[in-house]
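A look at the structure
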Amino acid sequence: MRTVLEQIFLGRSGMDQLNKALLVGAVLCHLASLMISSLLLATLLHYGCLLMAALCVVRAMSRNLERRYAENQRFLSGFGRIRIARESWQVRQEQRRQYKIFKCPSCGVKLRVPRGKGRLRINCRQCGASFEKKS
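Everything numeric here is computed off the predicted structure, so don't read it as measured data.

Before going further, it helps to examine a positive patch on the surface. Together, Arg92, Arg96, Lys103 and Lys110 line one region of the surface with positive charge. The residue Lys103 is located in strand β1 (residues 99-103) in this model. Classification of Lys103 as exposed rests on a relative accessible area of 56%.

With that out of the way, let us pick up the nonpolar core. In this structure, Phe102, Cys104, Leu111, Val113, Ile122, Cys124 and Phe131 together form the largest nonpolar core, which totals seven residues. Val113 has contacts with Tyr99, Lys100, Phe102, Leu120, Ile122 and Ser135, leaving out every residue within four places of it along the chain.

This part is about the packing of helix α2 (residues 17-35) against helix α3 (residues 39-61). Where α2 contacts α3, the axes come no closer than 8 Å and their chain directions differ by 160 degrees. By the angle class used here, α2 and α3 are roughly antiparallel. With respect to the hand of their crossing, α2 and α3 are arranged in left-handed fashion. Residues Leu18, Asn19, Leu22, Leu23, Gly25, Ala26, Cys29, His30, Ala32 and Ser33 of α2 form the contact with α3, whose participating residues are Ala42, Leu45, His46, Cys49, Met52, Ala53, Leu55, Cys56, Arg59 and Ala60.

Glancing now at the side chain of Glu71. Considering the arrangement of structural elements, one finds Glu71 in helix α4 (residues 65-98). A polar side-chain atom of Glu71 sits 2.8 Å from a polar atom in the side chain of Arg59. Here Arg68 takes part through its side chain, which lies 2.9 Å from a polar atom of the side chain of Glu71. Ignoring anything within four residues of it in the chain, the contact list for Glu71 reads Leu18 and Arg59.

Cut-offs used in this document
- What you see as residue numbers is a count from 1 along each chain, following the sequence as written.
- Per-residue local features of the predicted model are confined to residues with pLDDT of at least 70, and side-chain atom pairs are confined, for both listing and counting, to 80 or more; whole-chain, interface and lining totals are unaffected and use all residues.
- Only heavy atoms go into the side-chain values, all of them from the structure, while hydrogens and water stay out.
- Patch members must show over 30% relative accessible area and no salt bridge, and they are joined within 9 Å when carrying like charges or within 5 Å when they are nonpolar side chains of Val, Leu, Ile, Met, Phe, Trp or Tyr.
- Here the Shrake-Rupley method, with its probe set to 1.4 Å, supplies the accessible areas, and only the displayed protein chains count as covering residues.
- Here, a salt bridge means any Lys or Arg side-chain nitrogen found within 4 Å of an Asp or Glu carboxyl oxygen.
- Positive charges are assigned to Lys and Arg, negative charges to Asp and Glu, while His and the chain termini are left out of the count.
- One atom stands in for each charge, and that atom is NZ of Lys, CZ of Arg, CG of Asp or CD of Glu.
- Comment: elements are numbered from the N terminus, with helices defined as DSSP H or I runs of at least four residues and strands as E runs of at least two.
- Using a 1.4 Å probe on the protein chains alone, a residue whose accessible area is under 20% of its type maximum counts as buried, one over 50% counts as exposed, and one in between counts as partly exposed.
- Take the buried residues of types Ala, Val, Leu, Ile, Met, Phe, Trp, Tyr and Cys, join any two whose side-chain atoms come within 4.5 Å, and each joined set is a nonpolar core.
- Any pair of residues with heavy atoms lying within 4.5 Å of one another is described as a contacting pair.
- Axis geometry follows a simple rule: fit a line to the C-alpha atoms, using only the stretch in contact for helices, then measure angles between N-to-C directions, giving values from 0 to 180 degrees.
- For this classification, under 35 degrees means roughly parallel, over 145 means roughly antiparallel, 65 to 115 means roughly perpendicular, and everything else is oblique.
- Put simply, a crossing is left-handed when the front helix is turned counterclockwise from the back one by less than a right angle, and right-handed when it is turned clockwise.
- In protein, a polar contact requires one atom able to donate a hydrogen and another able to accept it; more generally it is a pair of N or O atoms within 3.5 Å, and residues adjacent in sequence count only if both atoms are side-chain atoms.

Set out below in structure tokens:
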């Protein structure tokens with residue numbers, strides 16, 4: 001069975017990030033259509049689910065690799081910002097566990113000092129002001 005599937009997908013675009021997003025969207029639309037009591041909205045969601053699933057299959061079976069690659073790149077350029085924002089949020093959260101962040105009282109620039117070092121004298125790199133804070 002595996003060799004049959006490999007032969008079918010030989011030379012085709014297969015599953016890329018856009019196809020995965022379409023598949024997840026189709027499943028979510030289907031689940032939402034099952035939970036909604038309004039018949040009109042449930043029908044619209046059901047047809048949206050079918051449309052996304054069909055588009056996913058058509059893209060996966062396509063032999064036009066250049067066009068599918070370009071579509072996926074456009075999708076990633078639009079939604080890549082979301083991933084970058086989430087990653088930068090995760091980095092900030094990790095840094096908040098390790099560092100304490102203070103604002104300089106004179107110029108307002110944010111300064112980062114390690115946590116758990118007791119009372120520290122902090123020198124601002126921007127304006128040269130000095131102040132004491134507990135880390």
